[in-house]
Structures are given as C-alpha cells and as structure tokens.
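A structural walkthrough
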Amino acid sequence: NIIIALAMLAPLGVSIYYAEGDAWIFAESSVITGVSGALMLFVFRARDYDIRYREGFFIVVVSWFAASLDGAIPFMLSEHFLSFTDAIFESVSGITTTGGSILDNVEALPHGLLFWRSELHWIGGVGIVLLSLAILPLLGVGGMQLYNAESSAFAEDKFAPRIKEMSRIILAVYISFSIILVVLLKLLGMDLFDAVVHMFGTVSTGGFSSNGASIGGYSSFYIESVIIIFMILGATNFALHYRFSKEGFKVYTRNSEFKFYILLMTISSLLIALNLWGDYYSSFAQSLRHATFQVVSVVTTTGYGTSDFASWPPFGQLMILVLMFTGGCAGSTTGSIKCIRLYLLLKLTYKEFIKLIHPRAFVPVRLSGKVVPDDVMRGIQRFTILYLLVFIVSALGLNWMGVDFTTAISSAAASLSNVGPGLALTGPLASFSVIPEPGKWLLIFDMLLGRLEISSLLILLLPTFWSA
C-alpha cells in the first residue's frame, strides 16, 4: 500500500502540471492507500517467526490483490469509469501488465489518469520479475525452477544469494532500460509525456498507450523499431541481462530458451508477412514491417499495435491467436506459457517418438547439455494442461454469457496470457467494454491467474491448503 501511495505522487504532479482538474483524485487516493498501508505495517510489523510455504503463497496472492484494489482507487473516483467493475478491470489489467482496456476513447482521459494506468504497468512489471526470479522459486513454483538445468542462469552462481542483492540488480537493469527508452523515444519525436507512458508499457511488456491507435498512431518506422527492441529485452530473462554485463553477448547466443524465442518470432513474422503480402499490403516490406511488430508484441505479451490484426486474413488471425499461448522467457515481465516450457515439451515429444522406434533406449530431455529432471518435466506438463483447461473453461464461460465465439476464445486467451487485445469485438482498435459484467470478472480472475502462474492462486482454493 505504501509503495502504491508513493507511486501516486507522480500522476499527482502530472495532474497539477496539466491543470485538468483531477489532481484531487490522486491526492485523496494517495492518502487513503498511505494511511491503510501504515496501519497494516503497524498491525503486522515484523516479528520473530519464519514464513512457511503456505504463508508465502498467501502473502504473494494477497499482495497482488491489494495492489490491484489500491490501483483502482483513482479510477473509482474518476467520472471516466462508469462502474466499480470497470475500475477494477483497468487496474488489474495495468498491474498484471495485460493492457486490455474497457475504455472506448482513451484520449478523452486527463493526463494524470493516462499516466497512472501506464505507471501501473511499470510497477507490476518489476514486481513480476522479482516474483519470478526471487520469490516463487522459494515456494517451489514458477518458471525459474526450470533453470536448474540451464547453464546460463542460476545453476552456476545462484545469480545472487540474497533476495535483497537480487532485487537491487533487477531494479538497476529495469531502470536503465527505462531511462534509455525514454531518451530514444524523445529523440525520435515523441513528446516527453508520451515517451514516458510508452516506456512504462514497453519495458514492462504491458501495452497501455496514450494514443487511441496505439503505436500505429505515430506512423514511424523508427519508433516501431525501437519499441520492438525493448519489447524483446523486456521479455528476455533478466538474469541474462545481468550476466551480459559480465560476460558479453555470448550469454544470449548459448541460451537455449532465448534462441528458441528469437527463432519463433522470426519464423512467425515471415509466415504472416507472406500471408499479408498482396491481398492486405501491396509490398512485402510493408507486410513484414507490420507482421514483425505484431508478432513481437503478441509473443512478448505487450499488446501494442501498428495494424488492426483483427481484420487480417484468417491465417494471420489464427497465427496471432496461437502465439498468445507462447509468451517470452521465464524470469521476464511476460505472461503466458513461456518459451522454455514449449521448448522442453517439443523435446519431450521428440523423445517419445524416438522411444517408439527404440523402446528400450534411454533418451533423456536435455537443456543446454544438462538432463532435465523428471519432476521438472512433470511440472511443465501439469502446468500446461492446467493452463489450457482454464482457457477452455473461460472461453466457454464467456460464450455462455452471450459473447460470440471468436471474441470469447481470443479474449480468454489474451487475458490469461496477459497479452491485452483479442480478436473481433475486443481487437486492437476496440475495447473490453462490450463484455458483460460477469464476463469482465471472469477475465479479471484470468489476468491474475496468468500473472501468478496459475498454481499460486488456485492452490488457495483447495480445502487442504487451509487445514492445519
């Protein structure tokens, strides 16, 4: 609460500068969250006891719920959000770096609220990286436990033995990316406000924009190129960024997941570009430009747009939908299944084919030359099955509420994967305002589920979790 209260001082300053009459919203919100945070700090001040796994799960989940509620307060006080549900949806979409909005006219918002919804991305992004690198592994969940077999990650030097040191390193990298991107966008023609807002959405792979047409509204190849580079960096394991400062570019070229991640985006961009060329865009260069941006935006779960992919030919739309389930690297700001799980599942499939030919052969699944333990592979399979089941149930739930088929499946996928825009009625040039209120709450739950790696939240629903 206290962190959120302090973060509200930035949009308060923006509101005062632009004098649009909404400064009181952030002053009041900051006081509410600050006082409640101080009271909680007093009541639950540090005592001499160890936090067990069960308490750890509970603290992680409650922290994200509390941050979402705190983030929604300015929206609740604003006349631009018609209901409590809409305010919560926008806040959860921001803090989970999803980027799906219920606003039909983003540019009608005052600068303070535009700044705040994007700042939530930035806060949530660093929180996600800290969660995936430092906290979830201690609880035995999260993508980073896959890196026990990866030579370029924690297995060699544990990255940093203490969470405090790890947090310092992550923040340094995150802030460095943020400053560099703001400078570059400013040099390329964005005003300072837009540069900061789009930095928030890019480094965190969030996707909220101050422009109704997203990045496409700037019609700049150079801005798009810089955004692509920083989306890729934000969706890359932050442990690799740290090791790059010590060992150079080889840390990326020898990392199996990173190579798979880049290959996936390259092949997908070429396939979609070929599909768009001729019927949708007249030149291959133009097709490749927009295909590459959208592929990177979706794989990194950012959700920015330069083209209305909801109007692309069926193949392009289907490719975008499939890519929503990939995600970037473990230990990054991205959501979705993540490339390392997909990479290992492909290797497991290949192993099973080999065993059909040679039933007695021992064919282990390897990652960077090291054998991946069976319990890790079982965890990957369990996570993927659970992820797909949640997606199916969510899509069916939305369809049962009256949402059409394409909108239902794409909205469920985009929310669970923290991508943002879907297809049809929730496409990149539309919003989630068309979703009925119960459907919005379902998608809110999906966004939090996806952000917390599903198990962290669902485990709280088990009766055995609460038993002594």
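Above this text sits the structure in question.
Bear in mind that the values here come from a model prediction, so they are computed numbers and not experimental data. Along each chain, residue indices are assigned from 1 in the same order as the chain's sequence is written. Totals for whole chains, interfaces and linings use every residue, but because this is a predicted model, local features are given only for residues with pLDDT of at least 70 and side-chain atom pairs only at 80 or more, for both listing and counting. The side-chain values count all of the structure's non-hydrogen atoms but skip hydrogen atoms and water molecules.

Overview of the overall build of the protein
Formally: Secondary structure counts use DSSP, requiring at least four H or I residues in a row for a helix and at least two E residues in a row for a strand, with both numbered from the N terminus. Only protein chains enter the accessibility calculation, which uses a 1.4 Å probe; a residue whose area is less than 20% of its type maximum is buried, one above 50% is exposed, and one in between is partly exposed. Any pair of residues with heavy atoms lying within 4.5 Å of one another is described as a contacting pair. Here the open area of atoms and residues is found with the Shrake-Rupley method and a 1.4 Å probe, where only the protein chains shown may cover a residue.
Scanning the protein for helices and strands turns up 21 helices and two strands. Every one of the 468 residues in the protein was classed for burial, and the buried ones make up 57%. In the protein, of all internal contacts separated by at least 6 residues, the share reaching a separation of at least 24 is 70%. Here the protein displays about 20000 Å² of accessible surface, and carbon together with sulfur accounts for 68% of that area.

Quick word on unusual backbone geometry
Although it is not a glycine, T97 adopts a positive phi angle of roughly 55°. Take T97: it is sitting in the loop between α5 (84-95) and α6 (111-139). Look at T97 and you get buried, because its relative accessible area is 0%. In this structure, E453 is a non-glycine residue whose phi angle is positive, near 60°. With respect to the helices and strands, the residue E453 is situated in the loop between α19 (437-451) and α20 (455-458).

Focus on the nonpolar core
What counts here: What we call a nonpolar core is a set of buried Ala, Val, Leu, Ile, Met, Phe, Trp, Tyr and Cys residues that are connected through their side-chain atoms within 4.5 Å.
Counting residues in hydrophobic clusters, the biggest one holds 129 residues, and the most contacted among them are W116, Y261 and L344. Examining the composition of this core, we find that 10 residues originate from one element, α6, more than from any other. Leaving out residues up to four positions away in the same chain, Y261 has contacts with M231, I232, A235, T236, V299, T300, G328, C329 and C339.

Details of the pattern of salt bridges
Defined as follows: Just to be clear on terms, a salt bridge is a Lys or Arg side-chain nitrogen sitting within 4 Å of an Asp or Glu carboxyl oxygen.
The tally for this structure, following the rule as stated, stands at seven salt bridges. Across the pair K440 and D86 runs a salt bridge whose closest N-O atoms are separated by 2.7 Å. With a gap of 354 residues between them, K440 in helix α19 and D86 in helix α5 connect regions that are remote in the sequence. The exposure class assigned to D86 is buried, which follows from its relative accessible area of 9%. Among the salt bridges present, the one from K338 reaches E453, with a minimum N-O distance of 3.0 Å. Residue K338 is found in the loop between α15 (314-323) and α16 (339-357), and its partner E453 is found in the loop between α19 and α20; the two are separated by 115 residues along the sequence. Neither K338 nor E453 differs from the other in exposure class; each is buried. The structure contains a network of salt bridges with shared partners spanning R243, E247 and R254.

A look at the packing of helix α13 (residues 256-276) against α16
Working note: a packed helix pair is described by the angle between its axes plus the distance between those axes. Where we set the bar: Lines fitted to the C-alpha atoms define the axes, with helices restricted to the stretch that makes contact. Angles between their N-to-C directions range from 0 to 180 degrees. The scheme is simple: roughly parallel for angles under 35 degrees, roughly antiparallel for over 145, roughly perpendicular for 65 to 115, oblique for anything else. The residue classification treats Ala, Val, Leu, Ile, Met, Phe, Trp, Tyr, Cys and Pro as nonpolar and Asp, Glu, Lys and Arg as charged. All others, Gly included, are polar.
Contact geometry for α13 and α16: axes closest at 9 Å, N-to-C directions at 95°. Taken together, the axis directions place α13 and α16 in an arrangement best described as roughly perpendicular. The segment α13 lies against α16, with S256, E257, F260, Y261 and L264 engaging C339, I340, L342, Y343 and L346. Its residues assigned to classes, the contact of α13 with α16 shows eight nonpolar, one polar and one charged.

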